[in-house]
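# Results of the structural survey
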Amino acid sequence: MQFLERMGTFDEGAVGGGRSNSGLLRYVYGQFPGPMFMPQMVVLLRSYNPNGRIDREVEIERFVGQQEIARWVANGAPLPVIDLGQ
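Computed from a predicted structure; not experimentally measured. Residue positions within a chain follow its written sequence, with the count starting from 1. The model is predicted, so local features are restricted to residues of pLDDT at least 70 and side-chain atom pairs to those at 80 or more, both for listing and for counting; the totals for chains, interfaces and linings are taken over all residues. For the side-chain quantities, the full set of heavy atoms in the structure was used; hydrogens and water were omitted.

## Regarding the overall build of the protein
Secondary structure follows DSSP: runs of H or I at least 4 residues long count as helices, runs of E at least 2 residues long count as strands, and numbering of each begins at the N terminus. In terms of helices and strands, the protein carries three helices and two strands. When each of the 86 residues of the protein is scored for burial, the buried share is 22%. Contacts spanning at least 24 positions in sequence make up 36% of the contacts within the protein whose residues lie at least 6 apart. Computed with a 1.4 Å probe, the accessible areas rest on the Shrake-Rupley method; for each residue, only the protein chains presented here act as cover. Taken as a whole, the protein presents about 6400 Å² of accessible surface, with 52% of it coming from carbon and sulfur. Only protein chains enter the accessibility calculation, which uses a 1.4 Å probe. A residue is then buried if its area is under 20% of the maximum for its type, exposed if over 50%, and partly exposed in between. Here, residues are in contact when the closest pair of their heavy atoms is within 4.5 Å.

## Focus on the nonpolar core
Proteins that are soluble and globular tend to have nonpolar side chains buried together. By nonpolar core is meant a set of buried Ala, Val, Leu, Ile, Met, Phe, Trp, Tyr and Cys residues that side-chain atoms within 4.5 Å join together. Listed in full, the six residues of the largest apolar core are M41, V43, I60, F63, I69 and W72. Of all the elements in the fold, those that place two or more residues in this core are β1 (40-48), β2 (54-64) and α3 (66-74). Discounting residues that sit within four places of it in the chain, I60 has contacts with V43, L44, L45, L79, P80 and I82.

## Considerations on the pattern of salt bridges
By convention in these notes, a salt bridge is any Lys or Arg side-chain nitrogen within 4 Å of a carboxyl oxygen on Asp or Glu. Following the criterion strictly, the structure yields three salt bridges and no others. Here E59 ties to R62 by a salt bridge, and the two come within 2.9 Å at their closest N and O atoms. Several salt bridges converge on common partners, so that one network encompasses R26, R46 and E57.

## Here's the deal with unusual backbone geometry
Residue P39 is reached from M38 by a cis peptide bond, and omega for that bond is -10°. Checked against the element boundaries, P39 lands in the loop between α2 (22-27) and β1. The backbone of A77 sits at a positive phi, close to 55°, despite the residue not being glycine. Secondary-structure assignment places A77 in the segment after α3. Looking at A77, the relative accessible area reads 30%, which means it is partly exposed.

See the structure below:
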């Protein structure tokens, strides 16, 4: 977490737990498959239902490796234009 804190503020973070880490299970092996590499950052677009639970979740960006994450942050952390009508 100290490594991530040096790069900026994040809504969520997952560290530790080895191969049973919930982030690894979901964002590498599961719903949002990706490379098995640390660190990486997955940027999601979420919509919530009236009960406050996640209704829809879409991966919009993934940054793999310290240099790629740092470069994105240094460039102002730009995000693509998202069409919410999809």
